[in-house]
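# Tertiary structure, described
Spelled out from the first residue to the last, the chains are:
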2 protein chains.
Amino acid sequence: MSEHSDYPRPFVTVDLVIFTIAEDALQVLLIERGNEPFKGKWALPGGFVEIDEALDEAAARELQEEVGVTNIFLEQLYTFGDPGRDPRGRVISIAYYALTDAMRTRIVAASDAADARWYPVFDPEIDGQLAFDHRQILDYAVWRLRNKIEWTTVGYELLPVKFTLSELQRVYEIILQRPVDKRNFRKKILGQGQIRELNETRSDGAHRPARLYSFKKP
Amino acid sequence: MSEHSDYPRPFVTVDLVIFTIAEDALQVLLIERGNEPFKGKWALPGGFVEIDEALDEAAARELQEEVGVTNIFLEQLYTFGDPGRDPRGRVISIAYYALTDAMRTRIVAASDAADARWYPVFDPEIDGQLAFDHRQILDYAVWRLRNKIEWTTVGYELLPVKFTLSELQRVYEIILQRPVDKRNFRKKILGQGQIRELNETRSDGAHRPARLYSFKKP
DNA sequence: TAACTTAGTGTACTTACAACACTAACCGTG
DNA sequence: CACGGTTAGTGTTGTAAGTACACTAAGTTA
């Protein structure tokens, strides 16, 4: 690395892909842009990294500002920095993705946003509506989430503390976009030893009530 | 994202973890720092991202400058940006890792470097000799490489075009730091259908010559 | 109390992974 | 020129993980 003094410095931001499950679909939080460029299009929430703030902190702060949640799953995804990705100047953006139970969140629209809402990720309605390179960021986040859910236990992050195995299975089906075998799924999940069976069931309809489980946090 | 105008902007660099296999060990290219801070310590090669240059391009350019190679495996790793990771100011660094056959490279020391050399990654000699947070970056790169080699075919990137299966097996053993069963290894590799058997063998000693293979590039 | 709906359970088959030992071919030396 | 040394090359068997698949359990409502 040479001397620091006179290099032109780009802007550095964090962008957040905040996922939740609602209405039987995987949803992502998007903000309608109130200004040019891309006025009227939808963008991922994000903002500048403060000069004395770690990247993870910046992402956590934006998360707090946008949806009012703290202490949820949040992981760095990839850094996007093509010149020209933002017509206003050179902006390098470190993308993060987060998982939250929809019930925990309260959406707060930022000052420069016309509107903010959850958008179903796999709904074709979303096509062509995304600003900047946010389609690419979203696609990458979905890819990572799909991989991660197959090898780890992140699925639990999308559910409330107490949940049924059918609910958890549905989370997997929604994310992977394919049916999952009930018996194999239960065998696999129980075999991981990561969830605790509760002495509690939930009745929600004209059928056998389901046992509740909770995730063993490490 | 709010208005761009007056945000303080950090420096943005790329740092490279360039791996090769030499002398029966996994090696990483390090540069001895000629100036403070960390004068005399060893650092990963890297440099500023130019204002009109994509991140991948910046990494490829540094690679070309440091070891004179182009068109090799190069992948973004992670972005490190803790305030205080560089005492000279706020520097956010996008780390990349690269794999190359040692024979292809010519090390070129940069102007502000006292020296540049390959260092065996698993040699304890390296401990405490790394500048900045480069120990952390290197550890993460090794972790990624280990994962990647188990699920993909990146191993070939560390060998010349023609290689024997024993050489390839040795690459795996060196990276994973554990012995690999010869028959299972060959079964797995051949089963992947990613390498072509050549009508050529190589004799290098008082023993049966080994058949050469080459990687089928996609 | 019968019909409906979701919860919950086990077994057989297939596929991937792990362990393991001998023969083949070349070189160098006595 | 044959024998010893060295690395290349090859199959089978057991084990673990994953996949396919169908019926009973327990509650609600008409």
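Read on for a plain summary of the structure. (Residues numbered from 1 in each chain as written. Chains lettered and ligands numbered in written order. Predicted model: local features only at pLDDT ≥ 70, side-chain atom pairs only at ≥ 80, totals over all residues. Heavy atoms only, no water.)

## Let's talk about a negative patch on the surface
A surface patch of negative charge is lined by Asp52(A), Asp56(A), Glu57(A) and Asp82(B). With respect to the helices and strands, Asp56(A) occurs in helix 1 (residues 55–67). (Patch = residues over 30% accessible without salt bridge, like charges linked within 9 Å, V, L, I, M, F, W, Y side chains within 5 Å. Areas by Shrake-Rupley, 256 points an atom, 1.4 Å probe, with all protein chains shown as cover. Salt bridge = Lys/Arg side-chain N within 4 Å of Asp/Glu carboxyl O. Lys, Arg positive; Asp, Glu negative; His and termini not counted. Charge placed at Lys NZ, Arg CZ, Asp CG, Glu CD. Helix = DSSP H or I, 4+ residues; strand = E, 2+ residues; numbered from the N terminus.)

## Considering the protein's contact with DNA strand C
What surrounds DNA strand C is a group of 20 residues, the closest being Ser166(A), Lys182(A), Arg186(A), His207(A) and Arg211(A). Counted by atom, the contact set of DNA strand C within 4 Å of the protein is 41% sugar and phosphate. For DNA strand C, a base nitrogen lies 2.6 Å from a polar atom in the side chain of Lys182(A). Asn184(B) has a polar side-chain atom sitting 3.0 Å from a base nitrogen of DNA strand C. (Near = heavy atom within 4 Å. Polar contact = N/O pair within 3.5 Å; in protein donor to acceptor, adjacent residues only side chain to side chain.)

## Examining the protein's contact with DNA strand D
The full set close to DNA strand D counts 20 residues, and Ala206(A), Lys182(B), Arg186(B), Ala206(B) and Arg211(B) are the nearest of them. Within the side chain of Ser166(B), a nitrogen or oxygen atom sits 2.8 Å from a phosphate oxygen of DNA strand D. In the environment of DNA strand D, a phosphate oxygen lies 2.7 Å from a nitrogen or oxygen atom belonging to the backbone of Arg211(B). Contributions of two or more residues to the surface near DNA strand D are made by helix 4 (182–192) of chain A together with helix 4 (182–192) and strand 10 (210–215) of chain B. If you tally residues by element for the surface near DNA strand D, the top one is helix 4 of chain B, at four residues. Its residues assigned to classes, the surface near DNA strand D shows five nonpolar, five polar and ten charged. (Nonpolar A, V, L, I, M, F, W, Y, C, P; charged D, E, K, R; others polar.)

## Concerning the side chain of Arg144(A)
Residue and element names in this part refer to chain A. Residue position: Arg 144 is located in helix 2 (residues 134–151). Accessibility expressed as a relative area gives 18% for Arg 144, which makes it buried. Beyond its immediate sequence surroundings of up to four residues, Arg 144 is in contact with Glu 75, Gln 76, Leu 77 and Tyr 97. (Buried < 20%, exposed > 50% of the residue type's maximum accessible area, 1.4 Å probe, protein only. Contact = heavy atoms within 4.5 Å.)

## Considering the pattern of salt bridges
Residue and element names in this part refer to chain A. According to the stated counting rule, one finds 32 salt bridges over all chains in the structure shown. Residues Glu 173 and Arg 170 are paired through a salt bridge, measuring 3.0 Å at the closest nitrogen-oxygen approach. Taken together, the positions of Glu 173 and Arg 170, both in helix 3 (residues 165–176) and three residues apart, correspond to about one turn of that helix. Classification of Glu 173 by relative accessible area gives buried; the value is 16%. Salt bridges here are not isolated pairs; linked through shared partners, they connect Glu 53, Arg 61, Glu 62 and Glu 65.

## Focus on the interface of chain A and chain B
Each side of the interface is counted separately: chain A has 36 residues, and chain B has 36 residues. Across the chain A/chain B interface, buried area totals approximately 3700 Å², and carbon plus sulfur atoms make up 61% of it. Along the contact surface separating chain A from chain B lie zero salt bridges. On inspection of chain A and its partner chain B, the count reaches ten residue pairs in polar contact (both at pLDDT 80 or more). If you list the elements that add at least two residues to the side of chain A that touches chain B, you get strand 1 (11–22), strand 4 (46–48), helix 1, strand 5 (73–80) and strand 6 (91–99) of chain A. Per-class residue counts for the side of chain A that touches chain B are 17 nonpolar, eight polar and eleven charged. (Buried area = accessible area lost by both parts, 1.4 Å probe.)

## What about the relation of the copies chain A and chain B?
Superposition of chain A onto chain B requires a rotation of 180° combined with a translation of 0.0 Å along the rotation axis, giving an RMSD of 0.1 Å. Here the symmetry operator amounts to a two-fold rotation axis. Relative to the rotation axis, the closest C-alpha in chain A is found at Arg9(A), a distance of 3.0 Å. A shared binding surface is used by both copies, with 100% of the interface residues of chain A retained as interface residues in chain B. (Least-squares fit on C-alpha atoms with pLDDT ≥ 70 in both.)

## Re the sheet that holds strand 10 of chain B
Residues and elements named next belong to chain B. Sheet architecture is open: three strands sit in the order 8-10-9, paired in antiparallel fashion. Both edges of this open sheet fall to strand 8 (162–164) and strand 9 (195–202), since each of them pairs with a single strand only. Taken over all neighbouring pairs, the strand axes of this sheet differ in orientation by 40° on average, direction set aside. Strand direction decides the pairing type here: strand 9 and strand 10, joined by five bridges, are antiparallel. Paired with Ile 195 across the bridge in strand 10 is Phe 215. Along the sheet, helix 3 (residues 165–176) contacts strand 8, strand 9 and strand 10; its crossing angle with strand 8, the most-contacted strand, is approximately 80°. (Pairing = 2+ DSSP bridges. Axes fitted to C-alpha atoms, helices over the stretch in contact; angles between N-to-C directions.)

## Structural notes on the packing of helix 3 of chain B against helix 4 of chain B
Residue and element names in this part refer to chain B. Contact geometry for helix 3 and helix 4: axes closest at 11 Å, N-to-C directions at 100°. Considering their axes alone, helix 3 and helix 4 lie roughly perpendicular with respect to each other. Facing helix 3, whose interface residues are Leu 165, Ser 166, Leu 168, Gln 169 and Tyr 172, helix 4 presents Lys 182, Phe 185, Arg 186, Ile 189 and Leu 190. In terms of residue class, the contact of helix 3 with helix 4 is built from six nonpolar, two polar and two charged. (Parallel < 35°, antiparallel > 145°, perpendicular 65-115°, else oblique.)

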